[in-house]
Amino acid sequence: MLKNILFSIIITSVVSTTGGLLCNYLLEYNTIKCIVTLFVLQLLVFYIWNSISQSLLLVRIEQEQTKQAEYFSQQGVEASCAYCKSINFVPVRMDQNNEFQCDACGKPNSIYIDITVAQKAQLIDKEQLSVSSYMKDKIDATERIQQGQ
Ligand SMILES: [Zn+2]
């Protein structure tokens, strides 16, 4: 960082000194005045250039984030946290590990994707695998235990 700043100052000085000497040789103006003017002009131009490129970069980052959010919204699932069971909307990608931090409790969760292949005309009985049927079975079992069966 400091090296870069020093390098920039040296380059700016060399350019303004060369320009100042040329200015004196060609137009017979005061060399020091020319050097100082060129130095300040370069600083000003670089400041404006940096400001513009930084704001362009910010705009580009914002566009990229918006695009990414749109992409995620197309491929996301509502997953319940493994710790507190609160629902989180999580982007799912096939090319990387899917992990998320719970919005409610902040604990890390991993998502494992179960892919089922079936014939096109075949009806699959997904009900047995779903969380709601699991909960129903659990409630039924609890009631049976309470009734002493
Ligand atoms: Zn949680």
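Residues numbered from 1 in each chain as written. Predicted model: local features only at pLDDT ≥ 70, side-chain atom pairs only at ≥ 80, totals over all residues.

Visitor: Any chance you could explain the pairing of strand β1 (residues 76-80) here in plain terms?
Guide: Consecutive side chains along a regular strand alternate between the two faces of the sheet. Bridging between β1 and strand β2 (residues 87-91) involves 5 bridges; their strand directions are antiparallel. Note on β2: the bridge partner recorded for E78 is F89. Counting the residues that bridge the hairpin from β1 to β2 gives 6 residues, and of these K85 lies at a positive phi of roughly 70°. (Pairing = 2+ DSSP bridges. Helix = DSSP H or I, 4+ residues; strand = E, 2+ residues; numbered from the N terminus.)

Visitor: Teacher, can you tell me more about the domain arrangement of the protein here?
Guide: How big an interface is tends to be expressed through the accessible area that disappears when the partners come together. As far as domains go, the protein holds domain 1 (2-73) and domain 2 (78-144). The C-alpha-based centres of domain 1 and domain 2 are spaced at 54 Å. (Domains from an automatic or database assignment.)

Visitor: In this structure, what is going on with the packing of helix α1 (residues 2-27) against helix α2 (residues 31-74)? I would like to understand it.
Guide: For any two helices packed against each other, one specifies the inter-axial angle together with the distance between the axes. The N-to-C vectors of α1 and α2 enclose an angle of 140°; their axes lie 8 Å apart at closest approach. What the angle tells us is that α1 and α2 run oblique. Between α1 and α2 lies a crossing of right-handed hand. Of the residues in α2, those touching α1 at T12, S13, V15, S16, T17, G19, G20, L21, C23 and N24 are T31, C34, I35, L38, F39 and Q42. Each residue belonging to the contact of α1 with α2 can be placed in one class, and the counts come to 7 nonpolar, 9 polar and no charged. (Axes fitted to C-alpha atoms, helices over the stretch in contact; angles between N-to-C directions. Parallel < 35°, antiparallel > 145°, perpendicular 65-115°, else oblique. Left-handed = near helix turned anticlockwise from the far one by under 90°. Contact = placed C-beta atoms within 7 Å. Nonpolar A, V, L, I, M, F, W, Y, C, P; charged D, E, K, R; others polar.)

Visitor: I'm lost on α1 in this one. Help?
Guide: Note on helix geometry: an α-helix contains 3.6 residues per turn, so any two residues three or four positions apart are oriented the same way. The first and last C-alpha atoms of α1 sit 36 Å apart over 26 residues, in line with the 38 Å expected at 1.5 Å per residue. Counting buried residues in α1 gives 2 out of 26 residues, a small share hidden from the surface. Positive phi appears at E28, one or two residues downstream of α1, with a value of about 60°. (Expected span 1.5 Å × (residues − 1). Buried ≥ 20, exposed ≤ 12 C-beta atoms within 10 Å, placed from the backbone.)

Visitor: What should I look at first to understand unusual backbone geometry in this one?
Guide: Leave glycine aside and you will find that most residues have negative phi; peptide bonds, for their part, are mostly trans. Its identity as a non-glycine residue notwithstanding, E28 has a phi of 60°, on the positive side. Inspection of the secondary structure puts E28 in the loop between α1 and α2. Located in the positive-phi region is K85, a residue other than glycine, with phi close to 70°. With respect to the helices, strands and loops of the structure, K85 is situated in the loop between β1 and β2. Residue K85 is classed as exposed on the basis of its C-beta count, with 10 C-beta atoms lying within 10 Å.

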